[in-house]
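Below are the chains, spelled out letter by letter.
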Amino acid sequence: MSTSLTPTLAVMKIPWDRKRNTLQRSFPQQPFVGNTDDRLSSSCKTASLFRRSALAWYSGRLDAGLRYAAAAAARGCEEGHEFCELTPFWHIALLTKARDFGTALQAIDLLGNRRDRSESQLMTATSLIIRGELLFVMGCVDEGLAEVDAGLRLAEGHDARSLLPTGYVVMATAALRRADMRTCLHYVDKLTGEALLGYFGQAAGAWVTAQAAEARGGVDRAADLVAGIVANDVVLHQLLVSEPAAASWLVRAARALGADDVAETAVRAACATSEEQPEFSVLRGAALHAAGLLEEDAGKLHEAANTYLDRWCGASVREDLAGLLSKRRSERNNVISTLESALSTYTAVGAARDASRVANKLRNYGVRRGVSRTVEREGHLPHGLTNTEFAVAELVSQGYTNNEVGRQLFISRHTVAFHLKKVYQKMNLTSRVELAAKWKAMQWRHEP
Ligand SMILES: [Zn+2]
């Protein structure tokens, strides 16, 4: 592979003093660096509400952020700032973080009715990226990614830099979930470039970088980022109100690293955030998930599963619940049905990597769901490939060895070889080179 994560990690490292176990309060000094801060300092009332909203979210208050954003979006601007016209999209972005899909969709409908034909490129790019992110999070993955991709092309062409990180995070996350490491690292590199310039709201970017590092080289590769995220109050709280899957991921990673204190800090912060802002079920779900994992409390995981609206998060908590129940022999059937439910959701949202991991866990119970037709995303996987075959083909076409593919997908290299043979049969191929060529030519991929 040509892309290495090492330089990425070096520059993404969040400042903190490991010896004294304190965080450097100086990060980040200027939240709006790299943003259109000249507009934000204008005397316009809408711009001032926008700024308050952004700063509230920046420091972990989704409630105040949404209040100011709704007020700004409802006001409109008397001074004709293009920047102020973007406030409804910022409002929708926060509603997406809150997983308030109903209100977000209503707000989008309202904008669609208001829109005129002379819309600027910046407005079109913003609309595409914000709408695409919402669709992606709702589980309409292909539609969402197509919009984000189109929005990013426009934004990159028109130097709309403040929009880029949001889009890059969606693209990197989606690629990671479908085991497309090449695309994932491509967007992580772009995020790193933006981070060097100091973009507004780096928490989600730092987290997706940590996930990529873990997927690529094991959890040790992500250790500095995990510790850095949790040790920095601003970054941690911003992440907790932006990405509901983050708290539980940090707990899983910290425990795998043997850093129980880091896991405890993440759980404490997630619970405090949820208690301070009790109106958000998404924050409650995330806190229950993280706490349930750390405390091995099946009741909390159950409740989290019933609280989450985000489909991928729902699958993730069911996978964790199954892991906990698997320690009790009497729960065998419950474990299998919980894993099957997680598998079908991962499959439905295009998370081939996660689906492969769960299919592998099911095989340990003698259930061969990985090759069953019943849980396939019908009509979505080419050549009748199963989830695992799809993920294997994806990784092999990117130049990974069977050993490396096996590590990515949580299966042995012999199992990889078995699936690869099936891929060759179904696609009528004879070699890795042929596979790479044919794979690249297929149009359903979101090419970087
Ligand atoms: Zn204005």
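Residues numbered from 1 in each chain as written. Predicted model: local features only at pLDDT ≥ 70, side-chain atom pairs only at ≥ 80, totals over all residues.

As annotated in an unreviewed UniProt entry, the protein is Regulatory protein, luxR family from Micromonospora nigra.

1. Notes on the overall build of the protein
Heads up, the rule is: Secondary structure elements are defined from DSSP: runs of H or I of at least 4 residues count as helices, runs of E of at least 2 residues count as strands, and each element is numbered from the N terminus. Labels follow a simple rule on C-beta atoms placed from the backbone: if 20 or more others lie within 10 Å of a residue's own, it is buried; if 12 or fewer, it is exposed; otherwise it is partly exposed. Whether two residues are in contact depends on their C-beta atoms, placed from the backbone: they are in contact if these lie within 7 Å.
In terms of helices and strands, the protein carries 25 helices and two strands. Within the protein, the proportion of its 448 residues that are buried is 52%. Considering only intrachain contacts with a sequence separation of at least 6, the fraction spanning at least 24 residues in the protein is 60%.

2. Brief notes about the packing of helix α20 (residues 332–348) against helix α21 (residues 352–363)
How we decide: Helix axes use the C-alpha atoms of the stretch in contact, all axes being lines fitted to C-alpha atoms, and the angles between their N-to-C directions lie in the range 0 to 180 degrees. Note on terminology: angles under 35 degrees are roughly parallel, angles over 145 are roughly antiparallel, angles of 65 to 115 are roughly perpendicular, and the others are oblique. Left-handed describes a crossing in which the near helix is turned anticlockwise from the far one by less than a right angle; the clockwise case is right-handed. Residues are grouped as follows: Ala, Val, Leu, Ile, Met, Phe, Trp, Tyr, Cys and Pro are nonpolar; Asp, Glu, Lys and Arg are charged; every other residue, Gly included, is polar.
One way to put it is that α20 packs onto α21 with a least axis distance of 9 Å and a crossing angle of 160°. In terms of orientation, α20 lies roughly antiparallel with respect to α21. The hand of the α20/α21 crossing is left-handed. On α21, the residues that touch Ile336, Leu339, Glu340, Ala342, Leu343, Tyr346 and Thr347 of α20 are Asp354, Ala355, Val358, Ala359, Lys361 and Leu362. Its residues assigned to classes, the contact of α20 with α21 shows nine nonpolar, one polar and three charged.

3. With respect to helix α10 (residues 164–177)
We count it as follows: Take the residue count of a helix, subtract one, and multiply by 1.5 Å to get its expected span.
In this model, α10 (14 residues) spans 20 Å end to end at C-alpha, consistent with the 20 Å of a helix rising 1.5 Å per residue. Counting buried residues in α10 gives 14 out of 14 residues, a clear majority hidden from the surface. Where α10 terminates, the next one or two residues include alanine 179, which has phi positive at roughly 65°.

4. Regarding unusual backbone geometry
If you check the backbone angles, glutamate 296 has positive phi at about 55° while not being a glycine. Its location among the elements puts glutamate 296 in the loop between α17 (281–295) and α18 (298–307). Note on glutamate 296: 11 C-beta atoms within 10 Å, which makes it exposed. Here asparagine 428, not a glycine, exhibits a phi torsion of approximately 60°, which is positive.

5. A closer look at the confidence of the model for the protein
Atomic detail in the predicted coordinates should be set aside for any region of low pLDDT. We apply this condition: The quantity known as pLDDT measures the predictor's confidence residue by residue, on a range of 0 to 100.
Of all residues in the protein, 84% have pLDDT values of 70 or greater, and the mean over the chain is 83. Of the regions scoring below 50 in pLDDT, residues 1–37 engages in 63 contacts with residues more than four places distant in sequence or in other chains. Below pLDDT 50 for its whole length, residues 371–379 participates in ten contacts with residues either more than four positions away or in separate chains.

6. What to know about the environment of arginine 61
Along the chain, arginine 61 turns up in the loop between α3 (45–58) and α4 (62–75). For the pair arginine 61 and histidine 237, spaced 176 residues apart in sequence, the C-alpha to C-alpha distance is 8.2 Å.

7. Notes on the packing of helix α22 (residues 387–397) against helix α24 (residues 413–427)
Working note: a packed helix pair is described by the angle between its axes plus the distance between those axes. Closest axis-to-axis distance for the α22/α24 pair is 9 Å, and the angle between their directions is 95°. Classified by the angle between their axes, α22 and α24 sit roughly perpendicular to one another. Between α22, through Thr388, Glu389, Val392, Ala393 and Val396, and α24, the contact on the second element is made entirely by Val416, His419, Leu420, Lys422 and Val423. For the contact of α22 with α24, the class distribution of residues is six nonpolar, two polar and two charged.

8. Brief notes about α20
Between its terminal C-alpha atoms α20 stretches 24 Å, which fits the 24 Å expected from 17 residues at 1.5 Å a residue. All buried positions along α20 are accounted for by Val335, Thr338, Leu339, Glu340, Ala342, Leu343, Thr345, Tyr346 and Thr347. Of the surrounding elements, those touching the buried residues of α20 are α19 (311–325), α21 and α22. Looking at the residues trailing α20, positive phi occurs at glycine 350, about 75°.

9. Let's talk about the environment of asparagine 333
Among the secondary structure elements, asparagine 333 is positioned in helix α20. According to the C-beta neighbour criterion, asparagine 333 is exposed, with 9 such atoms within 10 Å. Distance from asparagine 333 to tyrosine 365, taken between C-alpha atoms, is 9.5 Å for residues 32 residues apart in sequence.

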